[in-house]
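Chain and residue survey
These are the residues of each chain, in order.
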Amino acid sequence: MFDADENLVVCNDRYASMYELPEELTKPGTPHRSIVEYRLEHGMRPARGAAGFLDRHYELMDQKKPGVETVTLRNGRIISIRHQPMKDGGWVATHQDMTAEITQAKKLEEQNLRFEAALNNMTQGLCMFDGDKRLVVSNRRYAEMYRIPWQDVKAGMSLEDILRQRLEAGNHPIGGGDAFVASRLVVVAEAKATRFVAEMTDGRVISVVHQPLADGGWVATHEDITEQRRTQARVQHLARHDALTDLSNRILFQEHLEEVAARVRRGEMVGVLCIDLDTFKGVNDTLGHGVGDAVLKTVSKRLLDCARDTDLVARLGGDEFAILESRLLQPEDAALLAARIVKAIAEPFDINGHLVLIGASVGIAVAPIDGEDGEALMRHADLALYRAKGEGRGTYHFYEKSLDAALQERRSIEAGLRAALLHNEFRLVYQPLVNVSENRVSSCEALLRWEHPERGLLDPRQFISIAEETGLIVPIGEWVLREACATAATWPDHIGVAVNLSPTQFGKNRNLVEHVKSALAAAALRPGRLELEITESVLLADNELALKILVKLKELGVKIAMDDFGTGYSSLSYLRRFPFDKIKIDQSFVQDSSGPDSLAIVKAVVGLGQSLGMMTTAEGVETEAQLNMIREQGCTEVQGFLFSVPLPATSISHLLERLNSGTFRHGLTGTDTSGIMNLEARASSRSVKTS
Ligand code: C2E
Ligand code: CA
Ligand code: CA
């Protein structure tokens, strides 16, 4: 408090400490100017500047008016000074530290600005409601999202008002506006954190997250997820569909297969059709992948046309397709579909002027008859397809239990074959080939047997084709060559050995020539004593590589025989491609030699052999009558049960020793056949003549 002379009347300690006044300046009578100057010098910053501070003071004094001034101290504190003139000409001033209040207010203001900015820059729409379901705050995005004017969304509005406004603006969720308002009210009443998705009639999809607040209100965020949904759907579609044909792919098909078991339990009949295109590979190879792709696309269209909307048509890969047929009334329905497919795919394809002809083979399995779940159906339909293809393509085939048994058998043979070489389970038996005019053994054919640990003795028909398919025939064939050469080396020098070769052994990197060379070398066998028997399938499809290999083999000095002549497609043309040493006439002609056709063929082959300088061997001679016929036609050699069944190495050695000097007289071999009969169970029904 100052008097009219502007001298201090009294001040309190708070005042002194606030401005850190030295004690002499707090004494009554201290001039106001001294105190103010001290305060200014020591770091009091008035808002309007130090110079104006006293001017403003005198102005107030002159006008006898109260006033307020804010100053900031060097230490950062903010002081509000309230000036109050008194009647006697003096004044009272109160100084209040406002630091806390002012910084708080500033912070709040900043925060509010930031909040506003954040709120309005959110990609989501946001609304906050209080416990009375009245709007507390919302953002611009919310209004935009529901196409209502931003200025119309006001704090204090009720939820229902806003929802109605949205509906009026045309934002109808699918399912109707009223139902939507009602469902929103339920969500609010439940007061649980939830997320729901509103699908709008205009195609937009909006995801709403509802978060209850402690005061009974809630915050809801709204997000337009239309694009996200679309992308998701696209990605999902791509993952489950074939890019070329847009049919379902293996994954989607598999997912549907997994539901089959449940559908079957509910009493539904379901069919699986496995479809494979015949000769499609040829289209790709000859006309290129562009045409191949176009064919596949057309195929998928035709398949879709054949199937019903409720069927699932899939491309499993390459030229493999499958259909899951729903709600069959009877298994025959699946056959009808299969027949439609076979017919549709057999229609010519016109691809940019290329006329393409392919076909389809179909395997069918129907649940619950052929299996009760998708996995079994698929496996069985696939087996049936395999059979359909085997039956000459362009056909369909139902699954049969016997197919399964055949497959089981195959699998077990395949597994056993891998171990058989290691476990030394293969044997060779030898069957003599007899020169007709000299009546003596010229060579023996080595024939493979497998002493299976569980199944007993197996003959080649039971395992050779599997060994070929798996490539196991290559190491097996190598073993046969070595074993046969080694055995033949123990025989008299004029007796040769014949070894059967599979087409597979003529493949790339199969090293057939090396194997032959090394077998001959290991046994120190003269190459001229080895005869290799091949069937015309080796030369099929213009196999240049096989021809080269044959030439090399011939250069080694070994003989090459054409086996099973007459059973293939065009045996005659193969005779022109390679200078065979021998033609072996298939046993079917010999055994049917009473038939005029067979007789004519034997006659023709013998004549051909004579003019080409090739020997001829008649296989499968079982009777005297057959032998007489063969002799009449002029065959060089005969082979068959009439002379001997295939014998183990030891028995054939005895036989050859006995015959070494003399001639072979069938029926008079004198061989002890007791061992042979055991080994040759298949031949036991035939009469093996011994004396
Ligand atoms: P293939 O080369 O035509 O062999 C002749 C087959 O006729 C042999 O059957 C033989 O036992 C049988 N056979 C011989 N004489 C008569 C007869 O008078 N009447 C009848 N009905 N059959 C007779 P096998 O030993 O069962 O061999 C079957 C086929 O397996 C052979 O036919 C041959 O293609 C193949 N094979 C045999 N051994 C081998 C081998 O080491 N490697 C390869 N790749 N195939 C082999
Ligand atoms: Ca043969
Ligand atoms: Ca043969």
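One can find the structure itself at the top, above this paragraph.
Residues numbered from 1 in each chain as written. Chains lettered and ligands numbered in written order. Predicted model: local features only at pLDDT ≥ 70, side-chain atom pairs only at ≥ 80, totals over all residues. Heavy atoms only, no water.

1. Thoughts on unusual backbone geometry
Most peptide bonds adopt trans geometry, and most residues besides glycine take a negative phi value. Stated precisely, the cut-off is as follows: Numbering of helices and strands runs from the N terminus; a helix is a DSSP stretch of H or I covering at least four residues, while a strand is a stretch of E covering at least two. We call a residue buried when its accessible area falls under 20% of the maximum for its residue type, exposed when it is over 50%, and partly exposed in between, using a 1.4 Å probe and counting protein chains only.
Cis geometry is adopted by the peptide bond preceding Pro368, which originates at Ala367 and carries an omega value of 10°. Inspection of the secondary structure puts Pro368 in the loop between β15 (359–367) and α14 (374–390). Here the phi dihedral of Asn509 falls at roughly 60°; this positive angle occurs in a residue that is not glycine. By the secondary structure assignment, Asn509 is in the loop between β20 (496–500) and α18 (512–523). The exposed category is assigned to Asn509, whose relative accessible area is 69%.

2. Let's talk about the coordination of the calcium ion (ligand 2)
For a metal with four donors in a tetrahedral arrangement, the ideal angle between donors is 109.5 degrees, while six donors in an octahedron ideally sit at 90 or 180 degrees. Keep this limit in mind: For Na, K and Ca the donor cutoff is 3.2 Å, while for all other metals N, O and S atoms count as donors only within 2.8 Å; water does not appear among the atoms, so some sites may look incomplete.
Coordination of the calcium ion (ligand 2) by the protein is provided by Glu445 (OE), Asn500 (OD1), Glu533 (OE) and Asp563 (OD), with metal-donor distances spanning 2.1 to 2.3 Å. In the primary structure, the donors to the calcium ion (ligand 2) are separated according to the pattern E-x54-N-x32-E-x29-D. A residue is classified by how much of its surface remains accessible, and Glu445, at 4% relative accessible area, is buried.

3. Some points on the site of ligand 1
Convention followed: Residues are classed as near a molecule or strand on a simple rule: at least one heavy atom within 4 Å of it. Pairs of N or O atoms within 3.5 Å make up the polar contacts considered here, provided that, within protein, one atom can donate a hydrogen while the other can accept it, and that residues adjacent in sequence are counted only when both atoms are side-chain atoms. Method for areas: the Shrake-Rupley scheme with a 1.4 Å probe, in which residue coverage is limited to the protein chains shown. Note on residue classes: Ala, Val, Leu, Ile, Met, Phe, Trp, Tyr, Cys and Pro are nonpolar, Asp, Glu, Lys and Arg are charged, and everything else, Gly too, is polar.
Around ligand 1, the surrounding shell holds 25 residues, and the nearest of these are Gln431, Arg449, Ser502, Glu622 and Phe641. Measuring from a nitrogen atom of ligand 1, one finds a backbone N or O atom of Leu448 at 3.1 Å. Side-chain polar atom of Glu622 to a nitrogen atom of ligand 1: 2.5 Å apart, as the coordinates give it. Within the complex, 90% of the 790 Å² of free accessible area of ligand 1 lies under protein. Elements represented by at least two residues in the shell around ligand 1 include exactly β18 (440–452), β22 (559–565) and α21 (587–591). Per element, the largest residue contribution to the shell around ligand 1 is 4 residues, and it comes from β18. Its residues assigned to classes, the shell around ligand 1 shows 9 nonpolar, 7 polar and 9 charged.

4. What about the coordination of the calcium ion (ligand 3)?
Coordination of the calcium ion (ligand 3) by the protein involves Asp563 (OD), Asp564 (OD), Glu619 (OE) and Glu619 (OE), with metal-donor separations of 2.1 to 2.5 Å. Spacing between the donor residues of the calcium ion (ligand 3) along their common chain follows D-D-x54-E. Between the calcium ion (ligand 3) and the calcium ion (ligand 2) the interatomic distance comes to 4.0 Å, and Asp563 is a ligand of both metals. Residue Asp564 is found in strand β22, and its partner Glu619 is found in the loop between β24 (615–618) and α23 (624–633); the two are separated by 55 residues along the sequence. Its relative accessible area of 9% is what places Glu619 among the buried residues.

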